[in-house]
Amino acid sequence: MTTPMLRSWLRAFAIAAALVAGTGAASAHPHVWVTSHSEVIYAADGTVTGVRHSWAFDEMFSTYALQGIETKQKGVYSRDDLKALAQTNVESLKEYAFFTFANADGRKQRFQEPVDYYLEYKDSVLVLHFTLPFKAPFKAKKLALEVFDPSYFVDFTLANDEPVKLVGAPASCQLAIERPKSGTPSAQQPISEDSFLSDAFANYGAMFANKITVGCS
Amino acid sequence: MTSDLSTPGHRHGLRLVLMLMAALALVMLADALWAQALAQNPFGVGKGAASAAEAEAGGVVAWLLAKQAEFYRAMSATIRAAKSDGSAVVTLLGIAFFYGIFHAAGPGHGKAVISSYLVANEETARRGIALSFASAFMQALVAILIVGISAWLLNVTAKTMCGTERAVEIASYGLIAVLGARLMWVKGKGLFRTLARPAALASPALAYAAASAGDRGHSHGHDHGHGHHRHDHHHVHDDGCGCGHSHGPEPAALAGPQGWRHGLVAVATVGIRPCSGAILVLVFALAQGLFWAGIAATFAMALGTAITVTGFALLAVSAKGLARRLASGHGGRAATLLRGIEFGAATLVMLFGVALLSGYMAAERTACF
């Protein structure tokens, strides 16, 4: 076989390989959309104790999740009716590290099991409320918090109205929010990248992360 | 370029097509990888570079994502509207169709498995199209069956339904791995045979016979079944160079219908796993009391999905066809490379199955929370 022939032949091989690899490795796509509100909770001494989320699911997923749930009144779901579902929600979320990644002054912070969790049905969508206490409350000059799904099955969007609140924070603390540009992945480094899932495909969703930073002097 | 097919220009033209295809595949791949590289880069990129890079990273991937999110949201609104206005169903079908097209461009939906299967086998474009449509419509049917039985008939909870989806998913991934392993066995033998006696394949004429036999797909198997001596003679060599279905381990595997049955296995492994999007749409439609509209939307979605998957399948078949044509007339080494590609594609099918089973690769996550 002549050299140019071999080369073009190898090129054909490259195409075949790129085809199969490309089709498998391309982007993931979301099936669930969440609009999030979050609160960063501080103790009286200025330590950060936890994060409280309220996540509103999209209409289609909400309907799916409500499938087969018995209620006293059709179409009206009380907190009690949704108790079992809320339990399932937080148990399943554990597998995904609650899609919440915290880093204080460069150190990754871990969460305990969620507390005070419940679901409410409002404006034909489900809203999941839950609090994630930190394993060890801490003081931080710079707290970075990210809410995202590394595999991008769930799309998280910060709500338009006051998406993040500081509760009981010292007066010197300043809040900053960075949203992913609409439909455009952010080129910034995800803070949790080193400590969380490090393989290329699993971390695809980091581009759609919502970054919350609290700086305290 | 097409006018001078028999001259040296022919080879030039082939190259050009080849390069175009390579460029296309690379653009597709680069876009995804580029986006991932940005997410992976532990130090990010320089401030100045970031804005330019961001614009590119957005590219095709972000556009596809934005489009499908748009259609997905429009679907729930349209199903709601259809409750009071029947004509909204027409709009719904249109939206579902386009959602299928854009949605299937993401991972899953059997593109990788079907493309690899087509590369591993000596398949025609027609069969590529048939396999793509069959698997897309089987996915739709499975989604309708799951929701129809579990939600409509039995009214089970999402948790139970999700358990069913997971079981089906695992079955599908297992079957993909098994299909890959079987292909590896068959293709591995072909590869081994070419490696063992490359001298027997040095004749360009035989390589050409092999190539044209492959082009004719299952009809050639039919000829073989009738046992024409001349053809049999060719097929012995064909077998030796490992082309097509004809080097299956048992003679029965050579027959045309058997080849289709193998194709059906590929369809089943991919088609058994429904698309989460279809399940969500069906459950939503059911809750609105418009299950039939959900079913219609699911089929419209399948049509869109089939078109996208067909695109990938045709690319795979053309790439393989080009490789085969380039290999013909270049003797044993080229044939060995061709067998190598087939074996590689078979290995990929198996690896997809294992990666999906082990959760290392997530085609789609079943909505289980």
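Going by the structure above, here's the rest.
From a predicted model like this one, the values you see are computed outputs, not experimental measurements. Every chain begins its residue count from 1, and numbering advances along the sequence as written. The lettering of chains begins at A and the numbering of ligands begins at 1, in the order of writing. Totals for whole chains, interfaces and linings use all residues, but because this is a predicted model, local features are given only for residues with pLDDT of at least 70 and pairs of side-chain atoms are given and counted only at 80 or more. Note that water and hydrogens are dropped before the side-chain values are worked out from all heavy atoms of the structure.

Asker: Please provide a residue-by-residue account of the state of the cysteines, values included.
Answerer: Residue and element names in this part refer to chain A. Two cysteine sulfur atoms make up a disulfide if the distance between them is within 2.5 Å. One pass over the full model with this rule turns up one disulfide over all chains. Bridging Cys-173 to Cys-216, the disulfide has an S-S length of 1.9 Å. The sign of the 110° torsion about the S-S bond sets the Cys-173-Cys-216 disulfide as right-handed. Pair noted here: Cys-173 is in strand β10 (residues 173-178) and Cys-216 is in strand β11 (residues 210-216), with a separation of 43 residues, a long-range link. Taken as a pair, Cys-173 and Cys-216 share a single burial class, namely buried. Helix and strand assignments follow DSSP, with helices taken as H or I runs no shorter than four residues and strands as E runs no shorter than two, numbered in order from the N terminus. Each residue's exposure class comes from its accessible area (1.4 Å probe, protein chains only) as a fraction of the maximum for that residue type: buried when under 20%, exposed when over 50%, partly exposed otherwise.

Asker: An account of the pattern of salt bridges is requested, with residue identities and associated values reported.
Answerer: Residues and elements named next belong to chain B. When a carboxyl oxygen of Asp or Glu lies within 4 Å of a side-chain nitrogen of Lys or Arg, that pair is called a salt bridge. Tallied over the full model, the rule gives eight salt bridges over all chains. The partner of Lys-320 in a salt bridge is Glu-342, with the nearest N and O atoms 2.8 Å apart. Of this pair, Lys-320 sits in helix α12 (residues 291-327) while Glu-342 sits in helix α13 (residues 331-358), and the two are 22 residues apart along the sequence. Each member of the pair, Lys-320 as well as Glu-342, is classed as buried. The shortest N-O distance in the salt bridge between Glu-342 and Arg-339 comes to 3.1 Å. Linking Glu-342 with Arg-339, this pair stays in helix α13, spanning three residues, or about one helical turn. Like Glu-342, the residue Arg-339 is buried in the burial classification. Via salt bridges that share partners, Lys-320, Arg-339 and Glu-342 belong to a single interconnected network.

Asker: Outline the packing of aromatic side chains, supporting the account with residue identities and numerical values.
Answerer: Aromatic pairing here means that ring centres of Phe, Tyr or Trp (its six-membered ring) are within 6.5 Å. Orientation follows from the plane angle: under 30 degrees is stacked, over 60 is edge-to-face, and everything else is tilted. Taken as a whole, this structure holds 20 aromatic pairs over all chains when the rule is applied. With a centroid separation of 5.2 Å and 50° between ring planes, the pair formed by Phe-57 of chain A and Phe-61 of chain A is classed as tilted. Pair check on accessibility: Phe-57 of chain A and Phe-61 of chain A agree, each one buried. An aromatic cluster of at least three residues, connected via ring pairs, comprises Trp-55, Tyr-96, Phe-98, Phe-99, Phe-130 and Phe-156 of chain A. Criterion for a charge above a ring: Arg CZ or Lys NZ at most 6 Å from the ring centre, at most 35 degrees from the ring normal. Above the face of the Phe-312 of chain B ring, Lys-111 of chain B is positioned so that its terminal group lies 5.5 Å from the ring centre.

Limitation: the analysis is restricted to geometry and does not speak to function.
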